[in-house]
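# Topology and contacts: notes
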Amino acid sequence: SVPHAVTFIDDLMADVLEVLDDEYAVFIAGDHGHRMQKRPLSVSIDGIEVHPAGMSAEIYLDGMGEEEAYESLVSTPGVRKVFRKRELGQIHLPSSFDLLVLAEDGYAFSQSGSVTPSGHGYASFEGPYPPFIAYNLPYGFKRTECSLVDEAPTVLRALGIDMLGCDGSSLI
């Protein structure tokens, strides 16, 4: 169970911290959170390739224009939002695919027709946020909500290094 796993990890961390002296900071970072998903969402539109990624899907144009694909996807039941290629950088994604599609709450993209009870692949800025836990920091977090892009600047700041020119910002 989740409560058992959290207690187990917390006990292990207590053992690790007991061995380390106070000059060490320890970080535990996750790459995503999880949300409930109940219904599979299958998108089959001629002229596009759909690559499911949980509650989102990467779309590659395969004969269809971007605007036509956008309009087809926006009108698909179960699709909540579609990002165009030019918008991907704003949400910290590469433009290696053409569109990004987000599912409505409770849906997950699936080629098999089934989904697990919870999953990831949703827009990380909508939460739940990835776990990011710090032990032995000389000061506390300025804020508690974070994105993956905030983790590296935070760890570097704890080491006394400011990471300039990055998408994220230090939490400390």
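Please read these numbers as outputs of a predicted model, since none were measured by experiment.

### Regarding the overall build of the chain
Scanning the chain from terminus to terminus reveals three helices and nine strands. Put simply, the chain runs from its N terminus to its C terminus through helices and strands in the order α-β-β-β-β-α-β-β-β-β-β-α. Burial status across the chain gives 34% buried among its 172 residues. Here the analysis covers contacts within the chain between residues at least 6 apart in sequence; of these, 59% occur between residues at least 24 apart. Accessible surface, the chain: about 10,400 Å² in total, of which carbon and sulfur atoms supply 53%.

### Observations concerning the confidence of the model for the chain
In the predicted model, the chain carries a mean pLDDT of 84, and 90% of its residues have values of at least 70. Confidence, expressed as mean pLDDT per element, reaches its minimum in the chain at strand S8 (residues 118-119) with 66 and its maximum at helix H2 (residues 66-74) with 95.

### What about the environment of Glu49?
As for its position among the elements, Glu49 is in strand S3 (residues 48-52). Accessibility expressed as a relative area gives 39% for Glu49, which makes it partly exposed. Sequence-distant contacts of Glu49, defined by excluding residues within four places in its chain, comprise Glu58, Ile59, Tyr60 and Asp62.

### Some remarks on the environment of Asp22
Along the chain, Asp22 turns up in the loop between helix H1 (2-19) and strand S1 (26-29). Taking the C-alpha atoms as reference points, Asp22 and Pro138, 116 residues apart in sequence, are found 9.2 Å from one another.

### Considering the side chain of Thr154
Within the secondary structure, Thr154 sits in helix H3 (residues 148-158). Residue Thr154 is classed as buried on the basis of its relative accessible area, which comes to 0%. A distance of 2.9 Å separates a polar side-chain atom of Thr154 from the backbone nitrogen of Leu171. Apart from residues lying up to four places away in sequence, Thr154 is in contact with Phe27, Phe132, Phe141, Ser169, Ser170, Leu171 and Ile172.

Conventions adopted
- Residues numbered from 1 in each chain as written.
- Predicted model: local features only at pLDDT ≥ 70, side-chain atom pairs only at ≥ 80, totals over all residues.
- Heavy atoms only, no water.
- Helix = DSSP H or I, 4+ residues; strand = E, 2+ residues; numbered from the N terminus.
- Buried < 20%, exposed > 50% of the residue type's maximum accessible area, 1.4 Å probe, protein only.
- Contact = heavy atoms within 4.5 Å.
- Areas by Shrake-Rupley, 256 points an atom, 1.4 Å probe, with all protein chains shown as cover.
- pLDDT = per-residue confidence, 0-100.
- Polar contact = N/O pair within 3.5 Å; in protein donor to acceptor, adjacent residues only side chain to side chain.

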